Amino acid sequence: MQPSEVTEVLNRPISQELLARDLTRLAYVAKDGTPRAIPIAFVWNGTEIVMCTPRNAPKLPALRQNPMVALTIDTEVHPPMILLIRGRAELDLVDGIPDEYLQANSTYTMTPEQRVEWEAEVRSLYKGMVRIVVTPTWAKLIDFETTLPSAVEELIRQREEERNRA
C-alpha cells in the first residue's frame, strides 16, 4: 500500500473518530512464536500511533525480535466501525513518564483530586517507560456501509457475476 493510500484511509472522518479513542488491540508475535493480541492505551499524533509500557513488559523482547505489528481500533455497536492498521514498532526508551502515557489515560473519569493521586502514583512507580511508536504502512477502514471486509466484497462480486450469467 502506498503512503498516500494509507493517509487517505486514515484521514476519513470515521477513521479520525476511531483514532480519537483510547484503546487499541496490539497484535504481535511472542518470543515463543505464538500470536498475542493485547488491549493497550494509545495516542494518535497525526502520523504515528504511540503506546507506552513499562520497561519490563514481556512484549518488548518480542517486539525487538519481530517489530511487525497489527492494530485494531473498533466500536462496540452494530454495525461496528473497524480500523485495521499494520506497521513496524519502533521502541523508544524514555526516562520518566511520556506525555503520551498521561494523554492516553486522560479520558478516564476521575475527579481532579483522583487525577493528582493517580499521576503521583504513576510517577512513583515508573522511573521510565518505553514508547512503542507505530507508523502505519497499511490501513483499512470497515464501516459496513461504504466499506466491507474483503471476503464479503468478494462474495458480493461473485453473487453479481452469477446473477449476470443467469
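For every chain, the first residue of its written sequence is number 1, and the numbers climb from 1 along that sequence. Reporting in this predicted model follows two pLDDT cut-offs: at least 70 for local features of residues, and 80 or more for side-chain atom pairs to be given and counted; totals over whole chains, interfaces and linings ignore these cut-offs and use all residues. Side-chain descriptors were evaluated using all non-hydrogen atoms of the structure, hydrogens and water having been removed beforehand.

Peer 1: How would you explain the pairing of strand S4 (residues 49-54) if you had to name every residue and give the values?
Peer 2: The rule is simple: take the accessible area with a 1.4 Å probe, protein chains only, and divide by the maximum for that residue type; under 20% is buried, over 50% is exposed, in between is partly exposed. For the purposes of this entry, the term helix denotes a DSSP run of H or I that reaches at least four residues, the term strand denotes a run of E that reaches at least two, and both are numbered from the N terminus. Extensive coverage of S4 is indicated by the burial of five of its six residues. In this sheet, S4 lies alongside strand S3 (residues 43-44) in antiparallel orientation, the contact comprising two bridges. Each bridged residue has a counterpart across the sheet, and for Val 43 the counterpart in S4 is Val 50. The pairing criterion for strands is at least two bridges between them, as found by DSSP. Joining the antiparallel neighbours S3 and S4 is a turn of four residues, in which Gly 46 adopts a positive phi near 105°. Where S4 meets strand S7 (residues 128-142), six bridges bridge the pair, whose relative direction is antiparallel. Bridge pairing in S7 places Thr 53 opposite Val 130.

Peer 1: Explain the packing of aromatic side chains to me, and be specific about the residues and the numbers.
Peer 2: A pair of aromatic rings is counted whenever rings of Phe, Tyr or Trp (Trp by its six-membered ring) have centres within 6.5 Å, and the orientation is called stacked for planes under 30 degrees apart, edge-to-face for over 60 and tilted otherwise. Summed over all chains, the structure comprises two aromatic pairs. Judged by centre distance (6.1 Å) and plane angle (15°), the ring pair of Tyr 101 and Trp 118 falls under stacked. You can see Tyr 101 sitting in helix H4 (residues 99-104) and its partner Trp 118 sitting in helix H5 (residues 112-125), a full 17 residues away along the chain. Assessed through its relative accessible area of 15%, Tyr 101 is described here as buried. Among the aromatic residues, those joined into a ring-pair cluster are Tyr 101, Trp 118 and Tyr 126. Counting as a charge over the ring demands two things of the Lys NZ or Arg CZ atom: a distance within 6 Å of the ring centre and an angle within 35 degrees of the ring normal. Sitting over the face of the ring of Trp 138, Arg 86 holds its NZ or CZ atom 3.7 Å from the ring centroid.

Peer 1: Just give me the short version of the side chain of Ser 15, but keep the residues and values in it.
Peer 2: Relative to the helices and strands, Ser 15 resides in helix H2 (residues 13-19). By definition in these notes, contact holds between two residues if any of their heavy atoms fall within 4.5 Å. Ser 15 has contacts with Val 9, Leu 10, Leu 83 and Leu 141, leaving out every residue within four places of it along the chain.

Peer 1: With reference to specific residues and values, describe the nonpolar core.
Peer 2: By convention a nonpolar core is built from buried Ala, Val, Leu, Ile, Met, Phe, Trp, Tyr and Cys residues, the set being connected through side-chain atoms within 4.5 Å. Residues Leu 10, Leu 19, Ile 49, Met 51, Ile 73, Leu 83 and Ile 85 are the most contacted members of the largest nonpolar core, which totals 28 residues. For this core, the secondary-structure elements that each account for two or more residues are helix H1 (3-10), H2, strand S1 (23-29), S4, helix H3 (59-65), strand S5 (68-74), strand S6 (82-95) and S7. Sort the elements by how many residues they give to this core and S7 lands first, with five residues. Other than its neighbours up to four places away in sequence, Ile 73 contacts Leu 18, Leu 19, Arg 21, Leu 23, Thr 24, Phe 42, Ile 49, Met 81, Ile 82, Leu 83 and Ile 85. Core analysis: the next-biggest nonpolar cluster, separate from the first, contains 10 residues, Cys 52, Val 122, Tyr 126 and Met 129 among them.

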